[in-house]
Amino acid sequence: MKITELLQAGKPCLSFEVSPPTSAERYEEITALVDEVAGLHPDFMSVTYGAGGGTNDFTVPVAAHLQDDFGVPTVAHLTCISSTKERVHAQLDAMRKAGVENVLAMRGDIPANAPPRDQWKYHYASELVAEVKEYGGFCIGGACYPETHPESASQKEDIQHLKEKVDAGCEYLTTQMFFDNNVYYNFLYKIREAGITVPVIPGIMPVTNAKQIGRIAKLSGAMLPQRFKYIVDRFGGDPASMRQAGIIYACEQIIDLFANGVPAIHVYSMNKPFVAQQISANLSEIVKK
């Protein structure tokens, strides 16, 4: 099933993100964790591609496995930075053969061993979106940054690039993590003013240990509201308490978003079944089938 069809179904949707194994040796270990998340039967799951395409060998097999063995619709991530048209088409061929209908098209992180920029086939996600659109047959999703992409000079410039991506064929967007829902609501207002009308799925990251904070701030530039900082200061030194508090904080965000009419929430649960399980349990009546 295509994500746009799910979003039009008229019920709250909850999805989880997982990562494929980084090597064949860890395939069974990682897929066992992924299977626990799939066993919760979320509305859909997304499978990452890895920085610089590092785990792309297993993205499609894991996505196909989740669909075939658990009946969970999947989104296969695809990045293009320092890639080639042949490599992109090989991934799309594999997705089509496996019955994966949804692609999240992203530029991706620039790998340390990337060739000079003038040798790149793709420089921006919009170019990849256009390539997938021309290939045909996929529901194309894209990423967006409510607090502005770290490489953009301004939010106005960032929204302009986002519109280019949507105009190229992006059918829905998923946000980078944020910890203050007002950031999402304000962002939504601004992009609607700019003529971006596709659905925007909020991405929520449950913070389950204090060590995540630095990495989150570096990767996403997400603002940490004072209320969230108080939670980290109070519970960060106690792993069990921090895990519980982080999941509850994420659930409060999700409930507020659903209450304000957001049709779907994407949870960056990664390969942590306990996160997906507790969030599913806390929202069982809200997102019941």
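Residues numbered from 1 in each chain as written. Predicted model: local features only at pLDDT ≥ 70, side-chain atom pairs only at ≥ 80, totals over all residues. Heavy atoms only, no water.

Caption draft 1: Representation of the packing of helix α2 (residues 27–38) against helix α11 (residues 273–282) within the structure. Running from N to C, α2 and α11 point in directions that differ by 5 degrees, and their axes come no closer than 9 Å. Classified by the angle their axes make, α2 and α11 are roughly parallel. Residues L33, E36 and V37 of α2 form the contact with α11, whose own contacting residues are P273, A276 and Q277. A class-by-class count of the residues in the contact of α2 with α11 yields four nonpolar, one polar and one charged. (Axes fitted to C-alpha atoms, helices over the stretch in contact; angles between N-to-C directions. Helix = DSSP H or I, 4+ residues; strand = E, 2+ residues; numbered from the N terminus. Parallel < 35°, antiparallel > 145°, perpendicular 65-115°, else oblique. Contact = heavy atoms within 4.5 Å. Nonpolar A, V, L, I, M, F, W, Y, C, P; charged D, E, K, R; others polar.)

Caption draft 2: A look at the environment of G203. With respect to the helices and strands, G203 occurs in strand β7 (residues 200–204). Here G203 falls in the buried class, since its relative accessible area comes to 0%. Linking G203 and M223, residues 20 residues apart in sequence, is a C-alpha distance of 14 Å. (Buried < 20%, exposed > 50% of the residue type's maximum accessible area, 1.4 Å probe, protein only.)

Caption draft 3: Structural detail: the environment of A98. Tracing the backbone through its elements, the reader meets A98 in helix α4 (residues 85–98). Since its relative accessible area comes to 22%, A98 is described here as partly exposed. Along the chain, A98 and F274 lie 176 residues apart, while their C-alpha atoms are 29 Å from each other. Beyond its immediate chain neighbours, meaning those up to four positions away, A98 contacts V60, A64 and Q67.

Caption draft 4: Representation of unusual backbone geometry in the model. Even without a glycine there, the phi angle at H41 is positive, about 55 degrees. Following the sequence through the fold, H41 ends up in the loop between α2 and β2 (44–47).

Caption draft 5: Representation of the packing of aromatic side chains within the structure. One pass over the structure, following the stated rule, counts six aromatic pairs. Geometrically, the ring pair formed by Y184 and Y185 is edge-to-face, given 5.7 Å between the ring centres and 70 degrees between the ring planes. A ring pair is formed by F228 and Y249, whose centres lie 5.1 Å apart and whose planes are at 65 degrees; its orientation type is edge-to-face. With F228 in helix α9 (residues 226–235) and Y249 in helix α10 (residues 239–259), this residue pair connects regions lying 21 residues apart in the sequence. (Phe/Tyr/Trp six-rings, centres within 6.5 Å; stacked < 30°, edge-to-face > 60°.)

Caption draft 6: Summary view of helix α3 (residues 56–70). The first and last C-alpha atoms of α3 sit 21 Å apart over 15 residues, in line with the 21 Å expected at 1.5 Å per residue. Within α3, the full set of buried residues consists of N56, F58, T59, V60, V62, A63, A64, H65, L66 and Q67. The secondary structure elements touched by the buried residues of α3 are α2, β2, β3 (74–79) and α4. (Expected span 1.5 Å × (residues − 1).)

Caption draft 7: Looking closely at the sheet that holds strand β8 (residues 264–267). In spatial order, the strands read β1-β2-β3-β4-β5-β6-β7-β8; together these eight strands close into a barrel with parallel pairing. The mean inter-strand angle of the sheet, taken between neighbouring strand axes irrespective of direction, is 30 degrees. Sheet topology note: the strand β1 (residues 13–18)/β8 ladder contains four bridges and is parallel. Each bridged residue has a counterpart across the sheet, and for S15 the counterpart in β8 is H266. (Pairing = 2+ DSSP bridges.)

Caption draft 8: Local environment of the pairing of strand β5 (residues 139–144). With five of six residues buried, β5 lies mostly within the body of the structure. Strand direction decides the pairing type here: strand β4 (residues 102–106) and β5, joined by three bridges, are parallel. Looking across to β5, one finds that N102 is bridged to C139. As paired strands, β5 and strand β6 (residues 172–177) are joined by four bridges and run parallel to one another. Bridge pairing links G141 to Y172 in β6.

Caption draft 9: Representation of the environment of D57 in the model. Counting through the fold element by element, D57 comes out in helix α3. A relative accessible area of 60% means that D57 is categorised as exposed. Residues D57 and R107 lie 50 residues apart in sequence; the distance between their C-alpha atoms is 18 Å.

Caption draft 10: Spotlight on α9. F228, I231 and V232 are the residues of α9 that are buried. Summarising the axial view, the buried residues of α9 lie within an arc of 95 degrees, below the 170-degree limit, and thus occupy one face. Across α9 from its buried face, at more than 90 degrees, point the exposed residues Y230, D233 and R234. (Arc of directions from axis to C-beta.)

Caption draft 11: Local environment of the pattern of salt bridges. Under the defined criterion, the tally for this structure stands at seven salt bridges. Here K85 ties to E131 by a salt bridge, and the two come within 3.8 Å at their closest N and O atoms. Residue K85 is located in helix α4, and its partner E131 is located in helix α5 (residues 125–135); the two are separated by 46 residues in the primary sequence. Overall, E131 belongs to the buried group, its relative accessible area being 8%. A salt bridge links R107 to E151; the shortest N-O distance between them is 3.0 Å. Of this pair, R107 sits in the loop between β4 and α5 while E151 sits in the loop between β5 and α6 (155–167), and the two are 44 residues apart along the sequence. (Salt bridge = Lys/Arg side-chain N within 4 Å of Asp/Glu carboxyl O.)

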